[in-house]
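Structure assessment
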Amino acid sequence: MRTATIACLPVLAAALMAAENNTFLLRNATVHPVSGPAIQNASILVVDGKIAEIGQKVAPKGKVRIVEARGLHVYPGMIDSGSPIGLAEIASVRETVDTGEIGDFNPQLRALIAVNPSSEHIPVVRANGITSVLVTPGATGGGRGASAGSLISGQASLMHLDGWTWEEMEIRRSAAMQMAWPVIQMPRFRGADIEALLPGLAGRRTTFAEARRNQQQQVQKIQDFFDAARRYQKAKASGESIQPDLRYEAMIPVLEGKQPLMIFAAREREIREALDFAARERLKIVLAGVRRPGKALEDIAKRNIPVVLGTTFVSPLEEDDPYDEPFTLPARLHQAGVKFAFASFGVQFARNLPYQAAQAAAFGLPYDEALKSVTLNAAQIWGIDSEYGSIEKGKYADLIVTDGDPLEVRTQVKMMFIKGVPVDLESKHTRLYKMYSARP
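Throughout, residues of each chain are indexed from 1 in the direction in which the sequence is written. In keeping with the predicted nature of the model, local features appear solely for residues at pLDDT of at least 70, side-chain atom pairs appear and are counted solely at 80 or more, and the whole-chain, interface and lining totals rest on all residues. Calculation of side-chain values draws on the structure's entire complement of heavy atoms; hydrogens and water are dropped beforehand.

**Digging into the overall build of the protein**
- Under the scheme used here, helices are H or I runs from DSSP no shorter than 4 residues and strands are E runs no shorter than 2 residues, and both carry numbers assigned from the N terminus. Per the secondary structure count, the protein includes 14 helices and 16 strands.
- Exposed residues in this analysis have more than 50% of their type's maximum accessible area, buried residues have under 20%, and partly exposed residues fall in between, with area computed by a 1.4 Å probe over protein chains only. When each of the 440 residues of the protein is scored for burial, the buried share is 49%.
- Across the protein, the fraction of contacts at a sequence separation of at least 24, relative to all contacts at a separation of at least 6, is 70%.
- Carbon together with sulfur atoms contributes 53% to the accessible area of the protein, which is approximately 21,600 Å² in total. The criterion used for residue contact is that any of the two residues' heavy atoms lie within 4.5 Å. Only the protein chains shown count as cover for residues, with accessible areas throughout obtained via the Shrake-Rupley method and a probe of 1.4 Å.

**Some details on helix H7 (residues 246-255)**
- Within the sequence span of H7, burial applies to Tyr248, Ala250, Met251, Ile252, Val254 and Leu255.
- At its buried positions, H7 is contacted by strand S8 (152-160), strand S9 (170-180), helix H6 (208-237) and strand S10 (261-264).
- For H7, the N-terminal cap is Asp245; the gap from its side-chain oxygen to the backbone nitrogen of Arg247 is 2.9 Å.
- The first or second residue beyond H7 is Gly257, which carries a positive phi of 75 degrees. Pairing of N or O atoms within 3.5 Å defines a polar contact, subject to two protein rules: one partner must be a possible hydrogen donor and the other a possible acceptor, and residues neighboring in sequence count only if both atoms are side-chain atoms.

**Side note on the pairing of strand S2 (residues 39-47)**
- By the convention used here, strands pair only if DSSP detects at least 2 bridges between them. Bridging between strand S1 (residues 24-31) and S2 involves five bridges; their strand directions are antiparallel. Paired with Val31 across the strands is Ile39, a residue of S2.
- Where S2 and strand S3 (residues 50-55) come together, five bridges link them in antiparallel fashion. By the bridge assignment for S3, Ser43 is matched with Gly55.
- Where S2 folds back on S3, the antiparallel hairpin that results is connected by two residues, among which Asp48 adopts a positive phi of roughly 55 degrees.

**What to know about helix H11 (residues 353-362)**
- Of all the 10 residues making up H11, seven are buried; the element is thus mostly covered by neighbouring parts of the structure.
- Within H11, the full set of buried residues consists of Leu353, Pro354, Tyr355, Gln356, Ala357, Gln359 and Ala360.

**Concerning the packing of H6 against H7**
- Angles run from 0 to 180 degrees between N-to-C directions of axes, and those axes are lines fitted to C-alpha atoms, restricted for helices to the stretch in contact. As a packed pair, H6 and H7 sit with axes 9 Å apart at the nearest point and diverge in direction by 90 degrees. Compared by their axis directions, H6 and H7 come out roughly perpendicular. Residues Phe225, Phe226, Ala228, Ala229, Arg230, Tyr232, Gln233 and Lys236 of H6 form the contact with H7, whose own contacting residues are Arg247, Tyr248, Glu249, Met251, Ile252 and Leu255. Any angle that falls under 35 degrees is termed roughly parallel, while one over 145 is termed roughly antiparallel, one within 65 to 115 roughly perpendicular, and all others oblique.

**Structural notes on unusual backbone geometry**
- In this model, Arg282 sits at a positive phi of 55 degrees, which is unusual for a non-glycine residue.
- Inspection of the secondary structure puts Arg282 in the loop between helix H8 (268-281) and strand S11 (285-288).
- Even without glycine at this site, Lys419 takes up a positive phi of about 50 degrees.
- Position of Lys419 relative to the elements: it lies in the loop between strand S15 (413-418) and strand S16 (421-422).

**Considerations on the packing of aromatic side chains**
- Stacked, tilted and edge-to-face are the three classes assigned to paired rings of Phe, Tyr and Trp, where Trp is represented by its six-membered ring and a pair needs centres within 6.5 Å; plane angles under 30 degrees give stacked, over 60 edge-to-face, the rest tilted. Using the criterion set out here, one finds 11 aromatic pairs in the structure.
- With a centroid separation of 5.4 Å and an interplanar angle of 50 degrees, the aromatic rings of Trp181 and Phe277 are classed as tilted. Remark: Phe277 occurs in helix H8 and Trp181 occurs in the loop between S9 and helix H4 (194-197); sequence separation between them is 96 residues. Taken individually, Trp181 and Phe277 each receive the classification buried, so the pair is uniform in this respect.
- Through pairs of rings, three or more aromatic residues link up here, namely Phe105, Phe225, Tyr232 and Tyr248.
- One Lys or Arg, Lys50, reaches over the ring of Tyr396 and ends 4.9 Å from the middle of that ring. By definition here, charges over rings are those cases where NZ of Lys or CZ of Arg is within 6 Å of the ring centre and within 35 degrees of the ring normal.

**Side note on the environment of Ser174**
- By the secondary structure assignment, Ser174 is in strand S9.
- Classification of Ser174 as partly exposed rests on a relative accessible area of 31%.
- Setting aside residues no more than four positions away along its own chain, Ser174 makes contact with Arg110, Gln155, Ala156 and Gln259.

**Regarding the sheet that holds S9**
- The strand order S6-S7-S8-S9-S10-S11-S12-S13 describes an open sheet built from eight strands, whose pairing is mixed. This sheet does not close on itself; its edge strands, each paired only once, are strand S6 (78-83) and strand S13 (340-342). Pairwise comparison of adjacent strand axes, ignoring direction, gives a mean angle of 25 degrees for this sheet.
- Relative to S11, S10 runs parallel, the two sharing four bridges.

**So, the nonpolar core**
- What is meant by a nonpolar core is a set of buried Ala, Val, Leu, Ile, Met, Phe, Trp, Tyr and Cys residues, joined one to another through side-chain atoms within 4.5 Å. Counting 76 residues, the largest nonpolar core has Phe226 and Leu287 as its most contacted members.
- Ranked by the residues each element gives to this core, the list is headed by H6, at seven residues.
- Beyond its immediate stretch of four places on either side in the chain, Leu287 contacts Ile263, Ile271, Ala274, Leu275, Ile300, Ile305, Pro306, Val307 and Val308.

**Re the confidence of the model for the protein**
- By definition, pLDDT measures how confident the predictor is in each residue, and it falls between 0 and 100. The pLDDT averaged across the protein works out to 90; a share of 89% of its residues lies at or above 70.
- Across residues 142-147, where pLDDT falls below 50, the model places 16 contacts with residues more than four positions away in sequence or in other chains.

**Regarding the packing of H6 against H8**
- Contact pair H6 / H8: the axes reach a minimum separation of 13 Å and the direction vectors enclose 20 degrees. Considering the angle they form, H6 stands roughly parallel to H8. Read as a crossing pair, H6 and H8 show a hand that is right-handed. Note on element contacts: H8 touches H6 through Arg269, Glu273, Phe277, Arg280 and Glu281, opposite Phe208, Arg212, Gln215, Gln216, Val219, Ile222, Gln223, Phe226, Asp227 and Arg230.
- Residues that form the contact of H6 with H8 fall into these classes: five nonpolar, three polar and seven charged. Left-handed describes a crossing whose near helix is turned anticlockwise from the far helix by less than a right angle; the clockwise case is right-handed. The residue classification treats Ala, Val, Leu, Ile, Met, Phe, Trp, Tyr, Cys and Pro as nonpolar and Asp, Glu, Lys and Arg as charged. All others, Gly included, are polar.

**Structural notes on the environment of Ala362**
- Mapped onto the fold, Ala362 is located in helix H11.
- It is 9.8 Å that separates the C-alpha atoms of Ala362 and Ala331, two residues lying 31 residues apart in sequence.

Following this line, the structure appears as structure tokens:
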């Protein structure tokens, strides 16, 4: 008995240290809850990683640790609604990229379990105020229409950007199923007339009819896979003796509407087809990578479909589109009543997530909505708004403390807390800065 008691002592000591580490009073800051107006000269009491009190008259209770934040601002940690961070380190080194699986349908794959918690990209992204990411298992298309990779790439997972293991980083292991809607692939040449330069190409040119036929074959593949998954679901529900199939097992939450299907579709044609498919199959969906919705925007709003937008720092999809088409799209979605969030859909520039929202604010999106698009809207779309996305009593203390507006490039993140635990803001960038600043 005594041996067992002694063996438990280190565990108890670690638990007590963790409890002390995620309990504190942050005081004298301007608090921006996002869900409501800013509170000047306010304090936040965090107990066991959760927000216990917020206000101008919050007093410390007992020997709670004090974090002084006079002159600083407190915001909820930002959420990137789509990035393969932790799965891809160096694009040109295949061994460090774990996003390219073989086969059209891989719903059984879960992105989170392949994440490398020691990725050099994670601290860099974290330093810009991003505390959570929806890590995506396959190619996202980066807003180009998502034509590459599997049709169903696997399960996207919500994770914190801090932890020794993927288990420690986990928020939702299966937050969404990722699917790419097939596009009509036509050769696109800008600038010089490529056929004039290479006449031989003209004979091999794909006609629209051929491209359309190829696309419809891909769509039929999706329909066949869903039909097979439904047959499996019904057989299992009726108690039939069937051979377990991991792919169809993974599809059951999607078919039951318990897990959203994140469909990548950029243009109006693909968006309409995806909407019709979802309605026919009675699926809960999130549209991602939307670039040129056209008149489908009305249907998106009417059906209350949330949207995940990619970067605003791109050129228009078509040569004849207005130059500011990508910049004004968030404002147009907001005016139509569509709930949306931003995603980086990449690793290299994932740290620029707040500036994507800032670009949209400069082109007509109200500032408060821009801030929500990287915090509360993202939490609502992924179903974690009761725990994350804003600064409210009872929610986890995912907080950033800054010297200004986090959507401004000049603003510095001074402190970060994930579930109330302070997070190191050192990164490869800061290490290199210090090293070369001290160069003789």
